[in-house]
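Summary of structural features
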Amino acid sequence: DKGSPCGLGSGCSVRELLPVSVRVRLAPSPTGNLHIGTARTAVFNWLYARRHGGQFILRIEDTDRERSSPRYTRNILAGLAWLGLDWDEGPIYQSNRIARYQAVVQQLLDQGLAYRCYVSEAELEAMRAAQKAAGKAPRYDNRHRFLTEEQRRAYEAEGRQPVIRFKIEEPLEVSWVDLIRGPITWNTQDLGGDMVIARADGYPLYNLAVVVDDIDMGITHVIRGEDHIGNTPKQILLYRALGHEPPQFAHSPLILNPEGKKLSKRDGATSVAEFQQMGFLPEALKNYLALLSWSPPDGEEIFSLEKAATMFDFDRVNRAAARFDWDKLNWINSQYIKQLSPAELVERLTPFWQAAGFDLGSVPDPTWLEDVARLVAEGIDRLTEAPPLSRFLFQEPLSYSLPALEQLRLPGVAEAMAAMAATLAAAELPQPVSADSLKLLVEEVAKSQGMKKGLLLKSLRAALTGDLQGPDLMASFALLQRRGWALGRLEAVQ
Ligand code: GLU
């Protein structure tokens with residue numbers, strides 16, 4: 001087709017021939033802490049940007065002055081940084097761009113695509129009540145779309161402050177091919193009438209600001225939660241009114257609790273900060289969030305986001321809502337904990353040990369701390385489980401559980417502990433003391449006392465750790481010996 005500029009057919013445009021670099025954005029509103037759903041949206045945006053060598057932009061949508069707070073902005077930035085979801089541009093604050101939105105609102109007014117609406121709150125309520133009584137869905141009936149200049153002046157004289165509404169022509173079909181959900185069509189009759197784009201105080205509303213920003217920032221793909229599907233037709237109409245092609249849209253499924261309801265505080269945690277406090281590692285949480293609605297082609301469940309970014313695509317994103325599965329998250333977290341080096345483990349555990357009041361400055365040496373970390377890491381899913389498991393290694397005097405006290409009162413146990421203490425005091429142990437060298441001493445005592453090894457070990461655990469359950473006993477014994485606490489504990493229970 002020689003008639004088209006590119007010679008490839010009439011449908012082509014220069015735009016299609018240029019390699020358009022992917023630009024995506026996360027646009028959280030700072031009206032709450034970084035929500036786990038927003039974090040998952042961030043993961044998808046990050047993966048898509050990295051997959052295509054594109055840019056990931058962070059925009060803080062803080063135009064709702066009553067509900068936004070810098071405290072939440074700080075929490076959102078800290079949560080994303082903790083997760084390592086680094087962004088390439090931003091944060092861009094919508095509150096710095098009000099004049100730009102107002103200019104666009106003015107442009108729409110000048111073009112006759114928007115108008116001033118003076119309907120009062122009471123009138124709106126009466127309208128909705130009448131619609132309800134007639135069994136109709138609530139909507140604005142566009143009553144101020146065609147005000148005469150005279151009517152307008154009369155309202156202004158009354159002191160009414162108008163909102164600005166964008167005209168939505170009806171009936172009209174608005175369609176897009178969602179990268180996750182496939183073709184979607186809305187009828188403009190279902191959009192609730194002409195839409196408010198600026199409040200009476202001149203402040204822009206979400207649908208307007210988001211479109212202006214996505215245009216100005218050259219966003220190519222809007223990846224966000226399914227709860228925004230109903231906004232998309234309105235936004236597409238605004239793109240058209242502003243003379244721009246809409247970006248591609250990908251609406252990801254919501255995250256539900258195991259019962260299929262919206263994830264709420266009652267499910268244990270909803271904000272990223274809470275997951276951090278619960279002892280999840282950021283790399284594990286990211287891995288889990290990616291896996292919540294996506295699976296890599298190789299079927300692996302443990303992967304870094306860098307690796308996932310080499311494979312990520314929307315065709316492997318599930319359309320069905322994701323159910324939050326604590327067991328799976330715990331399991332993934334335990335896998336990451338096991339992969340950490342002893343030094344990394346200490347680093348991750350330190351805040352949790354400190355929060356438990358342990359004095360890390362008084363430990364025998366750095367290797368001792370690493371060995372403690374390794375010992376407890378074997379059996380935990382979350383970092384918060386480490387302090388209770390390692391308390392006996394950090395705090396004197398020991399507190400004993402009831403079963404431990406009962407164990408220590410069994411016949412022959414006090415004598416066995418005395419023999420153990422004497423044997424330990426007399427022993428020439430290789431330095432640093434190992435679990436194996438202590439094992440030999442235990443066997444010696446079992447023999448000399450004529451006590452079953454099982455009974456001796458159980459009693460030894462009660463004496464050394466104050467409990468009947470805990471990490472590997474002989475390794476714990478060695479760590480206590482290196483701290484110089486083992487003998488005292490054996491003597492304390494005689
Ligand atoms: N500020 C919106 C939100 O937090 C962003 C929606 C969007 O990504 O367009 O839900």
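So, a few notes on the structure that sits alongside this text. (Residues numbered from 1 in each chain as written. Predicted model: local features only at pLDDT ≥ 70, side-chain atom pairs only at ≥ 80, totals over all residues. Heavy atoms only, no water.)

**Notes on the site of the ligand**
- All residues in the neighbourhood of the ligand are listed as Arg 25, Ala 27, Pro 28, Ser 29, Glu 61, Tyr 206, Val 210, Arg 224 and His 228.
- A distance of 2.8 Å separates a nitrogen atom of the ligand from a polar atom in the backbone of Ala 27.
- Between the ligand and Ser 29, the relevant distance is 2.8 Å, taken from a nitrogen atom to a side-chain nitrogen or oxygen of the residue.
- When the ligand sits alone it has 290 Å² of accessible area, and the protein chains cover 80% of it.
- Across the shell around the ligand, the residue classes tally to four nonpolar, two polar and three charged. (Near = heavy atom within 4 Å. Polar contact = N/O pair within 3.5 Å; in protein donor to acceptor, adjacent residues only side chain to side chain. Areas by Shrake-Rupley, 256 points an atom, 1.4 Å probe, with all protein chains shown as cover. Nonpolar A, V, L, I, M, F, W, Y, C, P; charged D, E, K, R; others polar.)

**Describing helix H20 (residues 473-483)**
- Within H20, eight of the eleven residues are buried, which leaves it mostly tucked inside the rest of the structure.
- Next to the buried residues of H20 lie helix H14 (366-377), helix H15 (386-394), helix H17 (413-426), helix H18 (435-449), helix H19 (453-465) and helix H21 (486-492).
- N-capping of H20 is provided by Asp 472, with a side-chain oxygen placed 3.4 Å from the backbone N of Met 474.
- One or two residues past the end of H20 sits Gly 484, with phi positive at roughly 80°. (Buried < 20%, exposed > 50% of the residue type's maximum accessible area, 1.4 Å probe, protein only. Helix = DSSP H or I, 4+ residues; strand = E, 2+ residues; numbered from the N terminus. Contact = heavy atoms within 4.5 Å.)

**Details of the pattern of salt bridges**
- The full count for this structure, using the stated rule, is 32 salt bridges.
- The partner of Asp 214 in a salt bridge is Arg 59, and the shortest N-O contact between them spans 2.8 Å. Of this pair, Asp 214 sits in helix H7 (residues 206-216) while Arg 59 sits in strand E2 (residues 55-60); the two residues are 155 residues apart in sequence, bridging distant segments of the chain.
- Here Asp 214 falls in the buried class, since its relative accessible area comes to 2%.
- Looking at Arg 59, the relative accessible area reads 0%, which means it is buried.
- A salt bridge links Arg 181 to Glu 226; the nearest nitrogen and oxygen atoms lie 2.9 Å apart. Here Arg 181, found in the loop between strand E6 (173-178) and strand E7 (182-187), pairs with Glu 226, found in the loop between strand E9 (221-225) and helix H8 (232-241); they are 45 residues apart in sequence, far enough to count as distant.
- Since its relative accessible area comes to 24%, Arg 181 is described here as partly exposed. (Salt bridge = Lys/Arg side-chain N within 4 Å of Asp/Glu carboxyl O.)

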